[in-house]
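Residues per chain are reported as follows:
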Amino acid sequence: MKGRNSAGFLALIVAIIVTPSLVTNDYYLGTLIFAAFNCLACVGLCLLMGYAGQISIGHGAFVAIGAYTSGILTAKLAWSPWLAMVCAVLIVIVIAFCLGIPALRLKGHYLAMATLGFASIVHIVSVAAIDLTGGPAGIVGIPRLDLFGYALNSEKQYFYFSWSIVAIGVYLAFNLINSRVGRGLRAIHGSEDAAASLGISITAYKVQVFILSAVFASVSGSLYAHYVNYIDPGPFDVSHSVLLVTMVAVGGLHNIWGAFIGAVALSLLPEILSFLSDYLLVVGIHYQPDYDTLVYGGILLIIMLFLPEGIFAGISNSVGAVASSVRKLAGKKDDGLG
Amino acid sequence: MNHTDGGLVDVLQFLIMGVQRGSIYAMVAMGFNMIYNATGIINFAQGEFVVLGGLMMVTLTMAFNLSIVFAFILSVIFVMIAGILMERLTINPVKQPSVLRLIIITIAVSIIIKGAAMCFWGKGSHYMRHFSSDTSLDFFGATILPQTLWIFLILFFVVVAYIVFFNFTMTGKCMRACAINRDAARLAGINDRKMVMLSFALSAAIGAIAGIIITPIIQMDYARGAMLGLKGFGAAVLGGLGNSMGAVVAGVLLGVLEALGAGYISSHYMDAIALVILLFVLFIRPSGIFGSSEAMRLKEF
Amino acid sequence: MASDNILELNRLQKCFGGVVAVSDLSLLVNKGAITSLIGPNGAGKTTIFNLITGFLEPTSGHVRFAGRRLSKMRPHRIAAAGIGRTFQNVQIFSQMSVLENIMVGRHLRSRAGIFYSAALPPFLRKEEKKIRQAAEKQLHFLGLAEQAHLPAGSLPLGSQRMLEIARAMALEPKLLLLDEPASGLNARETIAMGELIEKIRQMNISVLLVEHDMDLVMEISDRVAVINFGRLIAKGTPAEIQANEDVIAAYLGE
């Protein structure tokens, strides 16, 4: 990592350290912990969508597989959570490999539908395979994680833990995109033909990054399961996959920070909206949490129509524009003096 | 049901159920194809048109007590307007969009329609009275609802109307010309942008009709769009994307396979059957069962 | 005999549906020489390139490169075998910097995998440095060093074509396929392009060139092959070709 990105990374670390002393309310801290899970999945998805240019509306399924594997192995078979998490990652690697090989030969709309279909199948299985997943009732009694013998019981501890994992994820992602492999992925996004003509195996690269992004999603699912301590199919329907895509797209596809910001912003949106609803009531609008879906859709549409590069690129472009016009003005002044 | 008199009756019953479901998938698939042919876009909000049609029909017949025919027409017009608005506000203004951006735009529209439907109609599912009687008829030992007959009849009319429109009307022929070669059509004086708008309107109309006729049987709710859309897309791909007559056959086939699977394998996994078929078709033969392998090699999937 | 030829097309045929794009084409490309492929638009020249580099599969016939048969090999394998290419409609990675474009070209000369790239970059520092140095060398060779950190998409077309060649050169290929490198270039840029291709030959890299600019072709080529309607209608030295009646007829559209 270098330059602006390492500055951003430093800011992230500082933010992680200071946030729990600013946000003392456990409920809000909990919201931020959920944001961490989404962040991790979105950073992985951004590598796939923004850098390699391959869409997946199925990553919610990998979150679900991670969560369920951790849940089943720890609650039913009393495995160590860490072993369960590794096992979940291995299972996800196998599934992502088997799905990725045929699916990533498809392009655009076809790939989107194939991944959406996959997410839907996983959801159906999670509801129907009662012996394995507990069906609609789900799985209860999933233990909290412990770190070197210390149970991560308080919200504050879990906050530090889950956001540290996010920081590691961001670190890995930035390493990757500035490496030989990352350049290969971006090359594939730019022109598959040109990339192939330079010796890059398109299929191998797409499948590798698909697996990597699925692993991010799986870990995020495991962390989720060990935080809420029970899982049911509810949060893992197709709309969760769509939500992850929404987060990445709103923040900005072509930048890790974009996906990061999109994930945080949309994870906090329900809280922001319920906070605003008191004020909306004053002007006569009776806002209800049921309207959230509509607001999500509206935000996504507006961003896609007017700011297709996402919020992050929008902000950094306008900051850049202001900076360069300031520089120009300053430059003119110098000329005038000289 | 008792098995002594009736393996065959069971099969017949599953076939009826299958064709009934399949008719809906066929119509959703035709909707996909219309927009795909005009624009190359797969509209991820296609399933939402179905939901919107069904729910509108529920309100007009149950709350406003309108006659079936009148409510039918009004509901279709309502969803057509939604389709036109979608095209005017979200597709038309975007110049030279990437595929990824188009996909996400139609996803955004689907979220908005779903969210709006939840606001207006709530989270519950809605009962609607059948078009005619709701007592089952006997059909060689199996039972069939009059509503199912209505579904078959209306699918038949939609297919006939589709064929007439695209083969015997000037507008339909212009739309086909645009689908084959947009630049050439434009040179011939066809307003291709208008054709795109029309494709959204017609696609919305077919979706609405599908939603209206199935609602008395499945009891529509706001969240059904994604699954209906996915299965309809499965039918469209199975029939060869862009080929609407293929889509009708494939849709019915998909419905029958689903019903047989639900009957003989597991009803819990019923919804997964069509999706597994969708994945297999996409992975093995993305040009569909009717597409030529020659065309498959030249086309990008 | 065989050792004089780097590339051998043996009765190559390609049909699209009923249309025959390349028909019974046999051609030898000499080692260390510049061979040009000319012919009217739609004669099948780019199709031949795509057949050689694995983007298309021949209907019949085969390609032999450096004594090895390239049957059913995927494009990235053929690149690894030592064939670099450019594209008729420039295919640079416009979102990446000029330097990064060339660094992608070093792909086959480096090894880092996805795990080390993401998790253990310190172990790769040496390799990264080597990739970067090699890429910078290419940039100097082409005189693009000043633009190294600009987005490649912001370069003028002439520089983009140069960059595409530099990227293919970064592969260290034995044979370089150039698809209309001078198209869209002005007179000055075309001359520079000709000089560049000469320089490439001096580095002992064989060149197969498709080009419409006849002055350029006749000036730099050692051998010229003329294609019309997917068939080879003439081959020889530039002087022989210029005097060939069939060729003149094909170009005048008889």
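Residues numbered from 1 in each chain as written. Chains lettered and ligands numbered in written order. Predicted model: local features only at pLDDT ≥ 70, side-chain atom pairs only at ≥ 80, totals over all residues.

Chemist: Which residues make up the overall build of chain C, and what are the values?
Modeler: Counting secondary structure elements, chain C contains ten helices and ten strands. The C-alpha radius of gyration computed for chain C amounts to 19 Å, which stays within 12% of the reference 18 Å derived for 254 residues, consistent with globular compactness. Sorting the 254 residues of chain C into buried and exposed places 46% on the buried side. Looking at chain C alone, contacts between residues at least 24 apart form 68% of all its contacts between residues at least 6 apart. (Helix = DSSP H or I, 4+ residues; strand = E, 2+ residues; numbered from the N terminus. Rg over C-alpha atoms; globule rule 2.2 N^0.38 Å. Buried ≥ 20, exposed ≤ 12 C-beta atoms within 10 Å, placed from the backbone. Contact = placed C-beta atoms within 7 Å.)

Chemist: Now, about the overall build of chain B: what can you tell me, with residues and values included?
Modeler: When its secondary structure is counted, chain B shows twelve helices and two strands. Listing each helix as α and each strand as β along chain B from the N terminus yields α-α-α-α-β-β-α-α-α-α-α-α-α-α. The C-alpha atoms of chain B give a radius of gyration of 19 Å, which matches the 19 Å a tight globule of 301 residues would have. With respect to the three principal axes, the spread of C-alpha positions in chain B is 65 × 50 × 35 Å. A total of 301 residues make up chain B; the buried ones form 51% of that total. The contacts of chain B with a sequence gap of at least 6 include a subset with a gap of at least 24, amounting to 74%.

Chemist: Which residues make up the pairing of strand β1 (residues 5-16) of chain C, and what values go with them?
Modeler: All names here are of chain C. Pairing of β1 with strand β2 (residues 19-30), which is carried by eight bridges, proceeds in the antiparallel orientation. When the sheet's bridge partners are listed, asparagine 5 is paired in β2 with asparagine 30. From the end of β1 to the start of β2, which pair antiparallel, there are two residues, and glycine 17 there has a positive phi angle of about 60°. Of the strand pairs in this sheet, β1 and strand β4 (residues 60-65) are connected by five bridges, and their pairing is antiparallel. Opposite glutamate 8, over in β4, you have arginine 64 as the bridge partner. (Pairing = 2+ DSSP bridges.)

Chemist: Tell me about helix α5 (residues 125-142) of chain C, residues and numbers included.
Modeler: The end-to-end C-alpha distance of α5(C) is 26 Å, a good match for the 26 Å that 18 residues give at a rise of 1.5 Å each. Burial in α5(C) covers these residues: C:Ile131, C:Ala135, C:Gln138, C:Leu139 and C:Leu142. When α5(C) is viewed along its axis, its buried side chains cluster within an angular range of 100° and face the same direction. For α5(C), the exposed residues set more than 90 degrees away from the buried face come down to C:Arg125, C:Lys126, C:Lys129, C:Gln133 and C:His140. Buried residues along α5(C) sit against α8 (180-190) of chain A together with α3 (98-105) and α6 (157-169) of chain C. Phi turns positive, to about 70°, at C:Gly143, one or two residues after α5(C). (Expected span 1.5 Å × (residues − 1). Arc of directions from axis to C-beta.)

Chemist: How would you summarise the nonpolar core if you had to cite specific residues and measurements?
Modeler: Grouped together as the largest cluster of nonpolar side chains are 293 residues, with contacts concentrated most on A:Cys42, A:Val43, A:Val248, A:Phe260 and A:Leu300. When sequence neighbours within four positions are dropped, the list of residues in contact with A:Phe260 reads A:Cys39, A:Cys42, A:Val43, A:Val170 and A:Gly251. (Core = buried A, V, L, I, M, F, W, Y, C linked by C-beta atoms within 7 Å.)

Chemist: Could you give an account of the confidence of the model for chain C, with specific residues and numbers?
Modeler: In low-pLDDT segments, the atomic positions of the prediction should not be examined closely. All names here are of chain C. A residue-level look at chain C finds 98% of positions with pLDDT of 70 or above and a mean pLDDT of 90. The least confident element of chain C is helix α10 (residues 245-252), whose mean pLDDT is 78; the most confident is strand β6 (residues 83-85), at 96. What the predictor reports for the complex is a pTM of 0.92 with an ipTM of 0.93. (pLDDT = per-residue confidence, 0-100.)

Chemist: Which residues make up the interface of chain A and chain C, and what are the values?
Modeler: Tallying the contact residues gives 23 residues for chain A and 31 residues for chain C. Among the secondary structure elements, those contributing two or more residues to the side of chain A that touches chain C are α7 (155-177), α8, α9 (192-197) and α10 (202-228) of chain A.

Chemist: Tell me about the sheet that holds β2(C), and please be specific about residues and values.
Modeler: Residues and elements named next belong to chain C. One open sheet holds the four strands; their spatial order is β2-β1-β4-β5, and the pairing between them is antiparallel. If you trace the sheet from one side to the other, it starts and ends with β2 and β5 (68-69), each paired once. Sheet strands touched by helix α1 (residues 45-52): β1, β2 and β4. Its angle to β2, the strand with the most contacts, is close to 65°. (Axes fitted to C-alpha atoms, helices over the stretch in contact; angles between N-to-C directions.)

Chemist: So, the interface of chain A and chain B: which residues are in play, and what are the values?
Modeler: Between chain A and chain B, the contact holds 35 residues from the first and 37 residues from the second. No other element matches helix α5 (residues 108-128) of chain A, which puts 14 residues into the side of chain A that touches chain B. Split into classes, the residues belonging to the side of chain A that touches chain B amount to 26 nonpolar, seven polar and two charged. (Nonpolar A, V, L, I, M, F, W, Y, C, P; charged D, E, K, R; others polar.)

Chemist: I'd like to hear about the sheet that holds strand β10 (residues 231-236) of chain C, residue by residue, with values.
Modeler: Strand pairing within a sheet occurs via backbone hydrogen bonds; the two strands may be parallel or antiparallel. Residue and element names in this part refer to chain C. Read from one edge of the open sheet, six strands run β6-β7-β8-β3-β9-β10, paired in mixed fashion. Here the strands that pair on one side only, and so sit at the sheet edges, are β6 and β10. Averaged over all adjacent pairs, the angle separating strand axes in this sheet is 20°, with direction ignored. Judged from the five bridges that link them, strand β7 (residues 175-179) and strand β8 (residues 206-210) form a sheet pairing that is parallel.

Chemist: Tell me about the packing of helix α2 (residues 26-51) of chain A against helix α12 (residues 256-282) of chain A, and please be specific about residues and values.
Modeler: All names here are of chain A. With their axes 8 Å apart at the nearest point, α2 and α12 run at an angle of 145° to one another. Considering only the axes of α2 and α12, their crossing is right-handed. Contacts between α2 and α12 involve Thr31, Phe34, Ala35, Asn38, Cys39, Cys42, Val43, Leu45, Cys46 and Gly50 from the first element and Ile256, Ala259, Phe260, Gly262, Ala263, Val264, Ser267, Leu268 and Glu271 from the second. Of the residues belonging to the contact of α2 with α12, the class tally is 13 nonpolar, five polar and one charged. (Left-handed = near helix turned anticlockwise from the far one by under 90°.)

Chemist: Could you give an account of the packing of helix α5 (residues 146-168) of chain B against helix α6 (residues 170-180) of chain B, naming the residues involved and the relevant values?
Modeler: Residue and element names in this part refer to chain B. Closest axis-to-axis distance for the α5/α6 pair is 5 Å, and the angle between their directions is 80°. By the criterion of interaxial angle, the relationship of α5 to α6 is roughly perpendicular. Here Phe165, Phe166 and Asn167 of α5 come into contact with α6, specifically with Gly172, Met175 and Arg176. Of the residues that constitute the contact of α5 with α6, the class distribution is three nonpolar, two polar and one charged. (Parallel < 35°, antiparallel > 145°, perpendicular 65-115°, else oblique.)

Chemist: Could you give me a rundown of the environment of B:Ser23, with the residues and numbers involved?
Modeler: Residue position: B:Ser23 is located in helix α1 (residues 7-39). Beyond its immediate chain neighbours, meaning those up to four positions away, B:Ser23 contacts B:Ile151, B:Phe152, B:Leu155, B:Gly251, B:Val252 and B:Gly255.

Chemist: So what's going on with unusual backbone geometry? Residues and values would help.
Modeler: Of note, the phi angle at C:Arg11 is positive, near 45°, even though the residue is not glycine. Here C:Arg11 is to be found in strand β1.

Chemist: Outline the pairing of strand β3 (residues 34-38) of chain C, listing residues and values.
Modeler: All names here are of chain C. Of all five residues that make up β3, five are buried, and the element is covered over most of its length. Neither face of β3 is exposed, since Ile34, Ser36 and Ile38 on one face and Thr35 and Leu37 on the opposite face are all buried. Across four bridges, β3 lies against β8 in parallel orientation. Bridged to threonine 35 within β8 is leucine 208. Pairing of β3 with strand β9 (residues 223-228) involves four bridges; the strand directions are parallel.

Chemist: An account of helix α11 (residues 270-284) of chain B is needed here, citing residue identities and associated values.
Modeler: At 3.6 residues per turn, the α-helix brings residues three or four places apart onto the same side. Over its 15 residues, α11(B) runs 22 Å from end to end, which matches the ideal 21 Å to within 8%, given 1.5 Å per residue. For α11(B), the full list of buried residues reads B:Ala272, B:Ile273, B:Ala274, B:Leu275, B:Ile277, B:Leu278, B:Leu279, B:Val281 and B:Leu282. On its buried face, α11(B) sits against α5 of chain A together with α9 (225-238) and α10 (244-264) of chain B.

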